[in-house]
Amino acid sequence: MTSSAPFKRTLLATLILSLALSGCTTTASQAESSGSSAPQTETDSVPAQAIESETRIATTPLTGESFYTLLLAEIATNRGDYGSAAQLYSRLDRQFDDLEVAQRATALNQVVGNYDSMGEHAGHWLRLEPNSVEGWQALTIASLANADQVTAKRALDRWLMLDPDAEVEGALAGINSLTNDQQASLLPVFAEAETSHPDNTSIGFANAQLLSTLGRYQQALDVISANRARQDSPDKGLLEFRLHLELNDIEQARTIISELTGQYPNNSQVATAYAGFVYADSGANKADTLESLFNRFPNEPVIARAFARESFDNGDYDTAEVLFERLIPTEFSDEAHYFLGRISRINRLPEEAAQRFLSVQAPPYLISALAELSEVWQNSRPTDIQKALHQARQAYPGQSPVLWRIEADLYRRLGDTEQAMAVYGQALSAHPGDTSLLYDQALLAANLGQYDLLEANLIDVLEQEPDNTSALNALGYTWADRNVNLPQAQRYIDRALEQQPDDPAIQDSKGWVEYRLGNLEEAERWLRRSLESMESDEVAAHLAAVLWEQNKQDEALRWLDQAFNWNSNSPTARAIIETLGIDR
């Protein structure tokens, strides 16, 4: 460092502390901005002699023009424009031999995920300061991220020689963009390091993490279990816990996370993992456990979220409301507004609910919020709902089909089937061949008696998705109900039943097509099975028809009575009475 620029030392010293090499992260936009950095020089790949050199090279004083570049870089850093800052520092580091500039260029290029440049500048840093622990750490991170096995081995070995107790698992920070084969090529790096530095247990931890990333969960579990026996830590325990989850060993995962909670009662990461597991688990006393965790870690959003959702699920809306209010300033803001809207609906506060739903900004909760809003405003403000749905389609075109479905369903509920059909027409013009839209329009067509449209749509769906259970069942049942195409209807319903044998609606379709084919005993068996798990006036009426044809009139009449008990205006029961000439 030259002595001609005292202000530069202050700027760099202040900012270097805020960008620790092992803790830097980046957003997608920042990473993209790094792609336009200045052309790289021949120093991009660090030759072996450079990383092995013990000779400190002389510094080169910065010029007046370079100070202006430096100032621009610092301004960009302060503004959070790390991509621009990385480019500017990279340019300076390629022109001058200045230790702090090299450090800064290295750190900023890691921030934006430009590991090629990070490796280049780490190499320069080490030529300026050959025994820098942080420099060798940086070169290890960069070379691993670039799948440069040779440089990674040398850099990791040198890092561990200078700092035998180094926690090397953080060196894997940049490998997520590598292919599986590239990641697998790094396994020998850690194997060799473990042989050379057997007393450092973090190497085994890093190895287990890499194996987990590769999906080799059992192998990773074996490594981390042995590693924890040598030296334990919360992070190692959490890795073992997650590996058991990946292997679907829920009982062992439960045991490990419970033990970790006892071992590390003040560790927020352990508590957060435990809260997520408890909420997803089927065990008892979930609310009590989550409340206890929340009381100990009230500022952990994930724990508050789990407790809020559990309270909501249990009908404890007062507690849920308080917790969701706390979550509004967090990353769970949309989820909080959505559930607060649902609570307002439960409390019969429709306008308050509407404002909550309108506060949801993005999918996935935006879709559910707009569906709820369409019910809240369907009678009073349908035009406003239509406007909100249109805006959402413009903002999130990938969600457009489901937003069209919400709009069509709004008009269906209002009884305006003509407008609902027109909405489906607009939607299919925008998204021709969308199977969800075709299926929904087919169901509406069935209600309107437009069977040609229904059949055309469902056939189109099945041409695209031959195993679409809903379409197979809907088309098979429609044919059975109209008493046409019965052999094909039976085949379609059987295919649907193979996929979902316990679905009572498909069981009803099966019973009805067997009735149409004259297989009365088989029909009775399937319809009784359907009624075991579903109270339906339609199924009860179907069973009554089957029993009537078998001369079991008394029981048939009882099932017709039951159909009207479930639905006093049952159209299916009335149609069967008329068709069979039953005197009721």
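Residues numbered from 1 in each chain as written. Predicted model: local features only at pLDDT ≥ 70, side-chain atom pairs only at ≥ 80, totals over all residues. Heavy atoms only, no water.

Asks: Could you clarify how one ought to interpret the overall build of the protein chain in this entry?
Replies: What the protein chain contains, in helices and strands, is 34 helices and zero strands. Of all 584 residues assigned to the protein chain, the portion counted as buried reaches 48%. On the protein chain, roughly 27500 Å² of surface is accessible, and the fraction owed to carbon and sulfur atoms is 46%. (Helix = DSSP H or I, 4+ residues; strand = E, 2+ residues; numbered from the N terminus. Buried < 20%, exposed > 50% of the residue type's maximum accessible area, 1.4 Å probe, protein only. Areas by Shrake-Rupley, 256 points an atom, 1.4 Å probe, with all protein chains shown as cover.)

Asks: What am I meant to see in the confidence of the model for the protein chain here?
Replies: Detailed reading of predicted coordinates is not advised where the pLDDT is low. For the protein chain, per-residue confidence averages 89 on the pLDDT scale, and 89% of positions sit at 70 or higher. Below pLDDT 50 for its whole length, residues 1–53 participates in 91 contacts with residues either more than four positions away or in separate chains. (pLDDT = per-residue confidence, 0-100. Contact = heavy atoms within 4.5 Å.)

Asks: Whenever I open this one, the environment of Phe294 confuses me. Can you help?
Replies: By the element assignment, Phe294 lies in helix α17 (residues 286–296). A sequence separation of 12 residues divides Phe294 from Ala306, and the C-alpha atoms of the two residues are 9.1 Å apart. Excluding anything up to four places from it in sequence, Phe294 contacts Ile303, Ala304, Phe307, Leu323 and Arg326.

Asks: Looking at this structure, I do not really get the pattern of salt bridges. What am I missing?
Replies: Close approach of charged atoms lets side chains of opposite charge pair. On inspection of all chains with the given rule, the structure shows 28 salt bridges. Salt-bridge contacts for Glu514 lead to Lys510; the nearest nitrogen and oxygen are separated by 2.7 Å. Residue Glu514 and its partner Lys510 are both found in helix α30 (residues 504–516); the two are separated by four residues, about one turn of the helix. Relative accessible area serves as the criterion here: at 4%, Glu514 is assigned to the buried category. Given a relative accessible area of 7%, Lys510 falls into the buried group. Where Lys552 meets Glu524, a salt bridge forms, and the shortest distance between an N and an O atom there is 3.2 Å. You can see Lys552 sitting in the loop between α32 (537–549) and α33 (553–566) and its partner Glu524 sitting in helix α31 (residues 520–533), a full 28 residues away along the chain. Look at Lys552 and you get partly exposed, because its relative accessible area is 32%. Counted as one network, the salt bridges with shared partners bring together Arg342, Arg345, Glu372 and Glu375. (Salt bridge = Lys/Arg side-chain N within 4 Å of Asp/Glu carboxyl O.)

Asks: What am I meant to see in the packing of helix α14 (residues 234–246) against helix α15 (residues 250–263) here?
Replies: Describing two packed helices takes the angle between their axes plus the distance from one axis to the other. With their axes 8 Å apart at the nearest point, α14 and α15 run at an angle of 160° to one another. The orientation of α14 with respect to α15, classified from their angle, is roughly antiparallel. Like other packed secondary-structure pairs, α14 and α15 cross with a definite hand, here left-handed. Residues Gly237, Leu238, Glu240, Phe241, His244 and Leu245 of α14 form the contact with α15, whose own contacting residues are Ile250, Gln252, Ala253, Ile256, Ile257 and Leu260. Taken together, the residues of the contact of α14 with α15 break down into eight nonpolar, three polar and one charged. (Axes fitted to C-alpha atoms, helices over the stretch in contact; angles between N-to-C directions. Parallel < 35°, antiparallel > 145°, perpendicular 65-115°, else oblique. Left-handed = near helix turned anticlockwise from the far one by under 90°. Nonpolar A, V, L, I, M, F, W, Y, C, P; charged D, E, K, R; others polar.)

Asks: I keep staring at the packing of aromatic side chains and nothing clicks. Help me out?
Replies: Any two aromatic rings considered together are summarised by their centre-to-centre distance and by the angle between their planes. Throughout the structure, instances matching the rule amount to 11 aromatic pairs. An angle of 75° between the planes, with centres 4.9 Å apart, marks the rings of Phe312 and Phe339 as edge-to-face. You can see Phe312 sitting in helix α18 (residues 301–313) and its partner Phe339 sitting in helix α20 (residues 333–346), a full 27 residues away along the chain. A single burial state applies to Phe312 and to Phe339, both of which are buried. Centre to centre, the rings of Trp479 and Tyr492 are 5.7 Å apart; their planes meet at 25°, and the pair counts as stacked. (Phe/Tyr/Trp six-rings, centres within 6.5 Å; stacked < 30°, edge-to-face > 60°.)

Asks: I would appreciate a short explanation of the packing of α30 against α31 in the present structure.
Replies: With their axes 8 Å apart at the nearest point, α30 and α31 run at an angle of 160° to one another. Classified by the interaxial angle, the pair formed by α30 and α31 is roughly antiparallel. Seen from above, α30 lies across α31 with left-handed handedness. For the pair α30 and α31, contact is made by Pro504, Gln507, Asp508, Lys510, Gly511, Trp512, Glu514 and Tyr515 and by Leu520, Glu522, Ala523, Trp526, Leu527, Arg529, Ser530 and Ser533, respectively. Split by residue class, the contact of α30 with α31 holds seven nonpolar, four polar and five charged.

Asks: Help me out: how do you make sense of α18 in this one?
Replies: Every α-helix carries 3.6 residues per turn, so stepping three or four residues along brings you back to the same face. Here α18 spans 18 Å end to end across 13 residues, near enough to the 18 Å set by a 1.5 Å rise per residue. If you check which residues of α18 are buried, you get Ile303, Ala304, Ala306, Phe307, Ala308, Arg309, Glu310, Ser311 and Phe312. Check the buried side of α18 and you find it contacts α16 (268–280), α17, α19 (317–327), α20 and α22 (365–376). Looking one or two places after α18, you find Gly315, whose phi comes out positive at around 80°. (Expected span 1.5 Å × (residues − 1).)

Asks: Can you walk me through a nonpolar patch on the surface in this structure?
Replies: On the surface, Tyr68, Leu71, Leu72 and Ile75 cluster together into a nonpolar patch covering about 360 Å² of accessible area. Topologically, Leu71 is positioned in helix α4 (residues 64–78). Residue Leu71 is classed as partly exposed on the basis of its relative accessible area of 41%. (Patch = residues over 30% accessible without salt bridge, like charges linked within 9 Å, V, L, I, M, F, W, Y side chains within 5 Å.)

Asks: What's the story with the nonpolar core in this structure? I'm lost.
Replies: General note: in soluble globular proteins, nonpolar side chains tend to be found buried as a group. Ranked by size, the top nonpolar core spans 55 residues in total, and within it Leu458, Leu475, Trp512 and Trp559 carry the most contacts. Residues in contact with Trp512, not counting those within four places in the same chain, are Tyr477, Ala480, Asp481, Leu527, His542, Ala545 and Ile576. Residues Ala275, Val278, Leu389 and Ile406 belong to the second largest nonpolar core, which totals 53 residues. (Core = buried A, V, L, I, M, F, W, Y, C linked by side-chain atoms within 4.5 Å.)

Asks: Explain α31 here, please?
Replies: The first and last C-alpha atoms of α31 sit 21 Å apart over 14 residues, in line with the 20 Å expected at 1.5 Å per residue. The elements touched by buried residues of α31 are α29 (486–499), α30, α32 and α33.

Asks: Help me out: how do you make sense of the side chain of Lys510 in this one?
Replies: Side-chain polar atoms of Lys510 contact the side chain of Asp494, separated by 2.8 Å. Not counting chain neighbours up to four residues away, the residues in contact with Lys510 comprise Gln490, Ile493, Asp494, Leu497 and Trp526. (Polar contact = N/O pair within 3.5 Å; in protein donor to acceptor, adjacent residues only side chain to side chain.)

Asks: When you look at unusual backbone geometry in this model, what are you seeing that I'm missing?
Replies: For residues that are not glycine, phi is negative in most cases, and the peptide bond is trans in most cases. In this structure, the amide linkage connecting Pro363 to the following residue, Pro364, adopts the cis form with an omega of 5°. With respect to the helices, strands and loops of the structure, Pro364 is situated in the loop between α21 (350–358) and α22. For Ala147, which is not glycine, the phi torsion reads 55° and is therefore positive. Note that Ala147 resides in the loop between α8 (133–145) and α9 (149–162). Positioned with a positive phi, Asn485 is a non-glycine residue whose angle comes to about 50°. Mapped onto the fold, Asn485 is located in the loop between α28 (469–482) and α29.

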